[in-house]
Structures are given as C-alpha cells and as structure tokens.
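Descriptive analysis of the structure
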Amino acid sequence: MLSFKNISIKFNKYLIKELCYTFLLSLGVLTFILVLARIGKMVDLVINKGVDLMDIIMLIIYSSPPYLMFTLPMAFLLSTIVVLGRFSTENEILALKASGVDLKSLFYPLAIFAVSITIVGLINSTILLPASSDRFRNTLIDIIKKGITFEDKEGIFNDSIPGVTIYIDKVDLENKSLIGILVSDDRDKNIKQTISADKGLINLDPVSLDLFFILENGNLQRWEKTNDVYRSISFKDYAFSMNLTNMLPNTTSLRKRPYEMNMHELKKAMLTANADDRYEYLLEIFKKITLPLSTLSFVFLAIPLGIRRKIEGNFSGILYSLLLFIIYYMLMAFTENAGRSLKSPVFITSITPNIVIVGIGVSMLKNLNSEDHVTISQKIRYKWNRYIEKIK
C-alpha cells in the first residue's frame, strides 16, 4: 500500500479546495438559519422603531459567535461527508484504491483541515464570543439611548418606551434642561397616570438602564381603575425613575451569562460562587475548549461515512451530518446532567462526548479499505430487525 507521501500533493490540494468551498457554504447557511430567529426582531426595530440599518447589521454580526460554536463543527462534518461522498460517487475513491492507496491516508489532509477549523473555533469561543457579547449589548443600549434622546425632538410625542409617551415642548441646550414636559404612563393596565411639569431633566443610566426624571413645578394626575379612584397632586419638586430593560430582546440580559464570559471573568466568578455555581463556571471553561475540539473528533466518523455513501443518495450526507450532530448534542447534554448529579470531574464530563465519537469512528475505520457495499442505513435496518426478532 502507498503511504501518505505517495499520494499526489495535487490531489490533496484539490480535496482541501473542495472542502473549503463546501465548508464555507455550509457554515453560511447553518449560521443564517440559527440567526434567523433574531433577524425577525431586528427587522421590527427597523420598521417600527426607525433604527439605522447599519446598527441592525452590526447586531447580526455581533450575535453570530455564539452560534459559530456549533455551526463550525457542524459545517466541517457536513462538508467532509458531502465531498467524500461525491468523490465516491464519481469513482475518484475507487481510482485511489485501484492505485494501491490506503484510504486511511485521507485522514492526514482532513486532519490538517480540521485543525485549522478547531483553531478558529477556539479563537471564537475564548476571544470573539465574549467581545461580541459586550458589543451586542452596548449596541442595543445605544439604540435605546438614541430612541429616548430629546435634544432633537422638540414638539414630538416620543413613544419609544413601551407604554410610555413623552412630550417635550422646548429644549434649553445652554442650561441642559427641558421645558414643558408631559409624561403619559400606561405601563400598568390598572393604573393610568399623566405627569406634567414646567421644566426638568431626564437622564439615562447606561449601566442599569434606569431612566431618571427630575421635574419642577408640575402636576400628577392618577386614575386607579380597579378602585375607580382619581388623584391629582401638585408638586414643586418630583423625582421618579423607570427601568428600560424590557426594551431589550428576551434573549438579552444586562448581566453576562456564563457562556458570554471570557476565561478571566469565569475564573474570577468562581472565587465568590457557591459549589453548584462553581461547577457550572468550571464546566463552561472546559466547554470553550472541548466543543471546538469536536471538529477533530468528527474526522474519524466523516471519512468512513463519506466514502461509504456512494449508493445512498445525494441528500444522505446532509441527513447523516445533522443526525450525528444532534446525537452529539444530546450526548453532551446527558453527560453534563450526569456530571452535575454525580459531581464527576468537569474535564471527564466535558470530554466524554468527544471520546465516544472518536471511539465509534475508529471502529468504523478498521474496515475502510474493504469492498463492503452494505450501506449504513441497511446495517441499521438489519440490526433493528434482529432486535425485534429477539424481543418477540
């Protein structure tokens, strides 16, 4: 049998070139599908809130890294199975075997390709994801701040805040004050109140998203619908605030979630966390490493599945790759739950799915050069029928 060195460098370049094309297409499609849920909310911001299109584009870009954690290994698995399956269908794999090439030597160019994707995945999980989460949150806050800026909205009813309408008669830029303020608050369906003031200040805390009102010489009219009570109060000075976190999308929080933290933030959070939370933080640290490493694990499975896909149809590669990744995700969820219950070492919990995938792949690589024309689906049906016969 010929070694890897005897395989044409030209063929290896051709293989990697085809993998790159299919990988980039798969990555774009898979990431777009996962980001699609957020895009609907972004379009609503453009149509109903008048948000700049560039801000929406940046939000979409900043929201991609969390999905890339999964779509990078998914795209690798899909592209490898599809490309090798096409080579098998077009008899290019048969030509390699006829030339005396050991098909296991395909592992080396695919491993090089997988290592490059793994490196990108590690950069994404440890650097890009935490940074993009910060920028996504900051961009959303800037959009909210733009929506409630009153310097350029004299004589306009501003309803950017859900359930609240604010009207400013004039803006005194020199004294940084607002003149002729009217606030209609309908956030509580049982209470309707309207506040008017001669002048005042409105300020937003960018950290807590609390909008503070400091008003002078005004009147508060309040109607409590439940008790049918009407109140009217005059004031000389009146201050109140309202929190605007409800203006953020449901998937966004002002407080960083563990998967959005970088390594330093996770280690710092562990210092003051209780035992259960400390386990979660440590698990997140290892997941930022083991999830990108799943790309290397899939090399062992992708080669036999791709080569043996010749007679199973054009879409079997897509079906296999999606099914395998679903199984991997379920296995990851199972091991995490088992790890939490058994308090097993975090490293073992996080690396187990990869070890299982490698084990299955290695067992399938043993007979890679054999002329076995039985397809994977046929083997599954055969084993299923045997199982049914045993339980009868």
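To be clear, the structure that these remarks concern was listed above.
Remember, predicted model here, so these are calculated numbers, not experimental data.

**Focus: the side chain of Ser184**
Among the secondary structure elements, Ser184 is positioned in strand S3 (residues 177–185). Ser184 sits in the buried class, given a relative accessible area of 18%.

**Digging into the packing of helix H7 (residues 275–307) against helix H9 (residues 346–365)**
Running from N to C, H7 and H9 point in directions that differ by 5°, and their axes come no closer than 7 Å. In terms of their interaxial angle, H7 and H9 are classed as roughly parallel. Class assignment of the residues belonging to the contact of H7 with H9 gives a composition of 20 nonpolar, seven polar and no charged.

**Looking at the pattern of salt bridges**
Counted under the stated rule, the structure contains 13 salt bridges. Here Asp186 and Lys192 are joined by a salt bridge, their closest N and O atoms 3.1 Å apart. With relative accessibility at 37%, the residue Asp186 sits in the partly exposed group. A relative accessible area of 34% places Lys192 in the partly exposed class. Here Arg340 ties to Glu280 by a salt bridge, and the two come within 2.4 Å at their closest N and O atoms. Of the two residues, Arg340 sits in helix H8 (residues 316–342) while Glu280 sits in helix H7, which places them 60 residues apart along the sequence. The exposure class assigned to Glu280 is partly exposed, which follows from its relative accessible area of 28%.

**A look at a nonpolar patch on the surface**
Together, Leu25, Val29, Phe32, Ile33 and Leu36 line one region of the surface with nonpolar side chains, adding up to about 500 Å² of accessible area. Here Ile33 is to be found in helix H1 (residues 9–49).

**Examining the sheet that holds S3**
Strand order in the open sheet formed by six strands is S1-S2-S3-S4-S5-S6, and the pairing between neighbours is antiparallel. The sheet is open, and its two borders are formed by strand S1 (157–158) and strand S6 (229–243), each paired with just one other strand. Pairing of S3 with strand S4 (residues 191–204) involves seven bridges; the strand directions are antiparallel. Among the inter-strand pairings, Val183 is bridged to a residue of S4, identified as Ile195.

**A look at the packing of aromatic side chains**
On inspection of all chains with the given rule, the structure shows 15 aromatic pairs. Seen in terms of ring centroids, Phe325 and Tyr328 are 5.8 Å apart; in terms of plane orientation they differ by 40°. Their pairing is tilted. With Phe325 and Tyr328 both in helix H8 and three residues apart, the pair spans about one turn of that helix. Summarising the burial analysis for this pair, Phe325 and Tyr328 share the class buried.

**Thoughts on unusual backbone geometry**
One non-glycine residue, Asp228, lies in positive phi territory at about 50°. Along the polypeptide, Asp228 turns up in the loop between strand S5 (210–224) and S6. Phi angles above zero are rare outside glycine, and Lys343 is one such case at about 55°. Locating Lys343 in the fold gives a position in the loop between H8 and H9.

Calculation notes
Residues numbered from 1 in each chain as written. Predicted model: local features only at pLDDT ≥ 70, side-chain atom pairs only at ≥ 80, totals over all residues. Heavy atoms only, no water. Helix = DSSP H or I, 4+ residues; strand = E, 2+ residues; numbered from the N terminus. Buried < 20%, exposed > 50% of the residue type's maximum accessible area, 1.4 Å probe, protein only. Axes fitted to C-alpha atoms, helices over the stretch in contact; angles between N-to-C directions. Parallel < 35°, antiparallel > 145°, perpendicular 65-115°, else oblique. Nonpolar A, V, L, I, M, F, W, Y, C, P; charged D, E, K, R; others polar. Salt bridge = Lys/Arg side-chain N within 4 Å of Asp/Glu carboxyl O. Patch = residues over 30% accessible without salt bridge, like charges linked within 9 Å, V, L, I, M, F, W, Y side chains within 5 Å. Areas by Shrake-Rupley, 256 points an atom, 1.4 Å probe, with all protein chains shown as cover. Pairing = 2+ DSSP bridges. Phe/Tyr/Trp six-rings, centres within 6.5 Å; stacked < 30°, edge-to-face > 60°.

These figures come from the coordinates and say nothing about function on their own.
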